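# Results of the structural survey
Residues per chain, in single letters:
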Amino acid sequence: MLELTGLRKSYAGFAFGPADLAVDSEVLCVLGPSGSGKTTLLSLVAGILSPDAGRIALDGARLDGVPPERRRTGLVFQDGALFPHMTARENVAYAADDGDAVETLADLLEIRDALDRKPAALSGGERQRVALARTLAADPGALLLDEPLSSLDAPIRNRLRDELHDLFDSLDIPVVYVTHDQRTATALGDRIAILRDGTVEQVGSPEDVLDRPDSEFVARFTGTDNLFDATVTRRGEGGDSEDAVVRLRVGDLRLRAAASADSSVGDDVTACVRPSRVRLGSPGDARIGEADSGDGGNVLRGTVRRWLNEGDGYRVVVDLRDAPVPLTARATPHRFERAGIRDGAAVEAVVPPAAIHLIR
Amino acid sequence: MFPTPSRIDAAGRFDWLSATLLLGAVLLCYYLVPLLSLLVSQSPAAVLGRLSSPAVVSAATTSLLASTASAAVATVFGLPLAYWLARADGRPATLVTAVVVLPLVLPPVVSGMVLLTVVGPGTFLGDLGESVGVPLTRSLAGVVLAQTFVASPFVVVTAKSAFEGVDRSLEHASRSLGKSRLSTVRRVTLPLAWPGVVAGITLAFARSMGEFGATIMLAYYPRTMPVQIWVSFSTLGLENAFPVAVVLLGVAVATLVALNALGTNPLE
């Protein structure tokens, strides 16, 4: 268990904390924009920086004040930070107590072919594998990773991400993985901590953070483009057994939403909808095939303002007829074709009540 | 792709890279022509004759011994300071750097004078040295003191920038892998900074070999090569000083070549 309590560090123009985090034998992905303090957090835990205040403990033993070499906090750097004058084998052996560890890790991370080359002759993916092997060779009590995939090409990044997922599963230690990429965070994290301007904005499971953001910042940063200013007009419609529904007004639009926040009538709230939860169709067609179309899925009408091909799907911005705000939707290629999307086309968007999350 | 200089040339435009070489060539000639002219003006027989003269042999021995000692002292005390300067931030580091550079900007004769106020006859240190049998002036120790004062900044300044060139994250990585600061410097920082460190030691050695101003103030005897050249010049004239200068040139060039060979092949 890695515990950070009231951790604080300030330097010129930046203040980190106070931060409280507890990481069990799990993967905590720390997600935040650049300059939010992600690397500062890792540096504090690894002992590269000393905190101004607060406490860091690993398995009950205090780490703050302990020199980096006695913390057993293995740190994997963004670029690997391999020693350029040593071969991959020497790099791993540098950290290992016995020679067998090098062989075992070389097999585990599939770097046997790379062992006798120097870092300059390794590919980006190999370099990160060697860096990971080297860190694991020191038998760390906690593993800290600073955006290790960010400098890799997409195919290698995706493959290594899958492998990291399996590797982390097999490690029985706290893993703190820093990234600015939401997909990496949701793919690898048992939990995600969102960092903003040096403070922890929200901690929770990937589903919590993505579907139930605590703040507009978290919503926007994790890809929820649709944030509407709304007013609660009714609550608990349909009796106590179904009071999980509220009614909202956005412009002239009336929406039904799951009552995720304890809101009361008259409250001004922010309604969040992830683009992937919006279903597009041509007029009259959007509800077809929807399980929730019968139980009051909100049907919104509008025209396509613009669309972007994102490779694995389309991002479509729709001007709504009844509200002065655009709605962003993500459509699969199949949906995109079926809805006949083109600039200016009339479309219908279905938003299930459960897909609307309220922030007070 | 971007056009290369030669392509610009082919297009008939002015080639600035050639212009820079042309300007630099003038400077190179200014370095080399006097050296060559010194070499061709001296008959090998004259040089060999001077080489076997006891005064020249003694001066060459003194110069080599003292310069080696000075370079060693500068390295032992200079490398740790260079490392500290490379890793420290803020005002103290700037001030310390200014102090290190001071001997470089002082005229060597003035360096000798300020040293005399500390280790000269009648001073506390001077008398202390005398009483324990290690005189600090008119001795090999005096030569080493003078050379170290003038030459050691080369080790500090050059090694500092070599240490600065070593990515700090490599040191952080090493320490997070369980290695102490000392072990990290020994196995990671120093090997990577090695060519720069050797360059600093080489410069300090070369500067020591040529040191005259401070040395003549502290130790007229035992004579180093530069002092011997000065004595030959002032007592027997320029013509008699030339062969000794050629000998000094030969010793200096040979040492630089040897040290450079060491520097280009660090720790392998």
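Since this is a predicted model, take the numbers as computed values, not measurements.

### Thoughts on the domain arrangement of chain A
Residues and elements named next belong to chain A. Under the domain assignment, chain A is made up of domain 1 (2-220) and domain 2 (225-359). Taking only C-alpha atoms, the centre of domain 1 and the centre of domain 2 are 37 Å apart. Listed by partner, the interface residues are 11 residues for domain 1 and 8 residues for domain 2. Regarding the contact of domain 1 and domain 2, the summed buried area is about 800 Å², with carbon and sulfur atoms giving 52% of it. The interface formed by domain 1 and domain 2 contains 1 salt bridge. Between Asp312 and Arg183 there is a salt bridge; the shortest N-O distance is 3.9 Å. Taken together, the connections running from domain 1 to domain 2 amount to 2 residue pairs in polar contact (both at pLDDT 80 or more). Residue assignment for the side of domain 1 that touches domain 2 shows that the elements contributing at least two residues are helix H6 (182-188), helix H7 (206-211) and helix H8 (216-221). When residues in the side of domain 1 that touches domain 2 are grouped by element, the largest group, 3 residues, is from H8. Of the residues assigned to the side of domain 1 that touches domain 2, the class counts are 3 nonpolar, 2 polar and 6 charged.

### Observations regarding a nonpolar patch on the surface
On the surface, a nonpolar cluster with roughly 960 Å² of combined accessible area is contributed by Leu27, Leu28, Tyr30, Tyr31, Leu32, Leu35, Leu36, Leu39 and Val40 of chain B. Here Leu32 of chain B is to be found in helix H2 (residues 16-41).

### Regarding the packing of helix H6 (residues 108-119) of chain B against helix H8 (residues 140-164) of chain B
Residues and elements named next belong to chain B. Their axes nearest at 10 Å, the elements H6 and H8 cross at an angle of 125 degrees. Classified by the angle their axes make, H6 and H8 are oblique. For the crossing formed where H6 meets H8, the hand is right-handed. In this structure, H6 uses Ser111, Val114, Leu115 and Val119 to contact H8, whose residues at the interface are Leu145, Ala146, Phe149 and Val150. Tallied by class, the residues present in the contact of H6 with H8 amount to 7 nonpolar, 1 polar and no charged.

### Some points on the nonpolar core
Counting residues in hydrophobic clusters, the biggest one holds 114 residues, and the most contacted among them are Leu143, Phe168 and Tyr177 of chain A together with Phe163 of chain B. Sorting elements by how many residues they give to this core places helix H4 (residues 54-87) of chain B first, with 10 residues. In this view, Leu143 of chain A contacts Gly74, Val76, Thr135, Leu136, Phe168, Leu171, Ile173, Pro174, Val175 and Val176 of chain A; residues no more than four positions away in its chain are not counted. Core analysis: the second largest hydrophobic core is formed by 34 residues, Val246, Leu253, Ala257 and Tyr314 of chain A among them.

### Regarding the pairing of strand S2 (residues 14-23) of chain A
All names here are of chain A. With 7 bridges joining them, strand S1 (residues 2-11) and S2 adopt antiparallel strand pairing. Within S2, the position partnered with Leu2 by the bridge is Val23. The antiparallel pairing of S1 with S2 creates a hairpin that spans 2 residues between the two strands, and Gly13 there sits at a positive phi of about 80 degrees.

### Brief notes about the sheet that holds S1 of chain A
Backbone hydrogen bonds hold the strands of a sheet together, and the pairing may be parallel or antiparallel. Residues and elements named next belong to chain A. The strand order across the open sheet built from 4 strands is S2-S1-S4-S5, with neighbouring strands paired in antiparallel fashion. The outermost strands of the open sheet, each flanked by one partner alone, are S2 and strand S5 (61-62). The sheet contacts of helix H1 (residues 38-46) involve S1, S2 and strand S4 (53-58), and relative to S1 the element is tilted by about 115 degrees.

### Observations regarding the interface of chain B and chain A
Listed per partner, the contact involves 20 residues of chain B and 20 residues of chain A. Summed over both sides, the interface of chain B with chain A buries roughly 1,600 Å², with 64% coming from carbon and sulfur. Interface area lost by chain B to chain A is led by Arg175, Ser176 and Leu177 of chain B, which between them contribute 36%. At the junction of chain B with chain A, the criterion picks out 1 salt bridge. Measuring nitrogen to oxygen at the nearest pair gives 2.6 Å for the salt bridge that ties Glu69 of chain A to Arg175 of chain B. Where chain B meets chain A, there are 4 residue pairs in polar contact (both at pLDDT 80 or more). For the side of chain B that touches chain A, the secondary-structure elements that each account for two or more residues are helix H9 (168-176) and helix H10 (181-210) of chain B. Here the residues of the side of chain B that touches chain A are counted per class, giving 6 nonpolar, 8 polar and 6 charged.

### Section: the packing of H4 of chain B against H10 of chain B
Residues and elements named next belong to chain B. Packing of H4 against H10 brings their axes to within 9 Å, and their N-to-C directions diverge by 135 degrees. Put simply, H4 runs oblique to H10. The handedness of the crossing between H4 and H10 is right-handed. Residue-level inspection shows Ser63, Leu64, Ser67, Thr68, Ser70, Ala71, Thr75, Leu79, Tyr83 and Arg87 of H4 in contact with H10, the latter providing Arg181, Val185, Thr189, Val197, Ile201, Phe205, Ser208 and Met209. Looking at the contact of H4 with H10 residue by residue, the classes come out as 9 nonpolar, 7 polar and 2 charged.

### Considerations on the sheet that holds strand S8 (residues 175-179) of chain A
Residues and elements named next belong to chain A. The strand order across the open sheet built from 6 strands is S6-S7-S8-S3-S9-S10, with neighbouring strands paired in mixed fashion. Only two strands of the sheet have a single partner each, and these edge strands are strand S6 (73-76) and strand S10 (199-204). Strand-to-strand twist in this sheet, taken as the mean axis angle between neighbours without regard to direction, amounts to 20 degrees. As defined by bridge partners, strand S9 (residues 191-196) adjoins S10 across 5 bridges and the pair is classed as antiparallel. Note that in S10 the partner of Ile194 across the bridge is Gln202. Sheet contacts for helix H4 (residues 124-137): S6 and strand S7 (142-146); angle to S6, the most-contacted strand, approximately 170 degrees.

### Thoughts on unusual backbone geometry
The omega torsion across Gly17 of chain A and Pro18 of chain A is 5 degrees, close enough to zero to call that bond cis. Within the secondary structure, Pro18 of chain A sits in strand S2. Note the cis peptide between Tyr221 of chain B and Pro222 of chain B, where omega equals -15 degrees. Backbone geometry at Arg72 of chain A places phi at a positive 60 degrees, although glycine is not the residue there. Here Arg72 of chain A shows up in the loop between S5 and S6. The backbone of Glu110 of chain A shows a phi angle near 55 degrees, a positive value even though the residue is not glycine.

### Some words on the UniProt feature "domain: ABC transmembrane type-1" (unreviewed entry) in chain B
Sequence positions flagged by UniProt for "domain: ABC transmembrane type-1" (unreviewed entry) are, in local numbering, residues 60-257 of chain B. The straight-line gap between the two end C-alpha atoms of residues 60-257 of chain B is 18 Å; of that span, 83% is helix and 0% is strand.

### Let's talk about H8 of chain B
For H8 of chain B, with 25 residues, the first-to-last C-alpha span of 35 Å sits near the 36 Å given by 1.5 Å per residue. Approximately 40 degrees is the largest bend angle found in H8 of chain B, and it occurs at Phe149 of chain B, with the proline Pro153 of chain B only one to four residues beyond.

### Concerning the UniProt feature "transmembrane region" (unreviewed entry) in chain B
All names here are of chain B. The UniProt entry lists residues 21-40, 60-86, 93-119, 139-159, 192-221 and 241-262 under the feature "transmembrane region" (unreviewed entry), expressed in the numbering used here. For the annotated span residues 21-40, helix accounts for 100% and strand for 0% of the residues, and the straight-line distance between the end C-alpha atoms is 27 Å. The distance separating the terminal C-alpha atoms of residues 192-221 is 41 Å; by composition the span is 83% helix and 0% strand.

Calculation criteria
- Residues numbered from 1 in each chain as written.
- Chains lettered and ligands numbered in written order.
- Predicted model: local features only at pLDDT ≥ 70, side-chain atom pairs only at ≥ 80, totals over all residues.
- Heavy atoms only, no water.
- Domains from an automatic or database assignment.
- Contact = heavy atoms within 4.5 Å.
- Buried area = accessible area lost by both parts, 1.4 Å probe.
- Salt bridge = Lys/Arg side-chain N within 4 Å of Asp/Glu carboxyl O.
- Polar contact = N/O pair within 3.5 Å; in protein donor to acceptor, adjacent residues only side chain to side chain.
- Helix = DSSP H or I, 4+ residues; strand = E, 2+ residues; numbered from the N terminus.
- Nonpolar A, V, L, I, M, F, W, Y, C, P; charged D, E, K, R; others polar.
- Patch = residues over 30% accessible without salt bridge, like charges linked within 9 Å, V, L, I, M, F, W, Y side chains within 5 Å.
- Areas by Shrake-Rupley, 256 points an atom, 1.4 Å probe, with all protein chains shown as cover.
- Axes fitted to C-alpha atoms, helices over the stretch in contact; angles between N-to-C directions.
- Parallel < 35°, antiparallel > 145°, perpendicular 65-115°, else oblique.
- Left-handed = near helix turned anticlockwise from the far one by under 90°.
- Core = buried A, V, L, I, M, F, W, Y, C linked by side-chain atoms within 4.5 Å.
- Buried < 20%, exposed > 50% of the residue type's maximum accessible area, 1.4 Å probe, protein only.
- Pairing = 2+ DSSP bridges.
- UniProt positions renumbered as here; feature names shortened; annotations may be inferred.
- Expected span 1.5 Å × (residues − 1).
- Bend = angle between axes of the 7 residues up to and from the residue.

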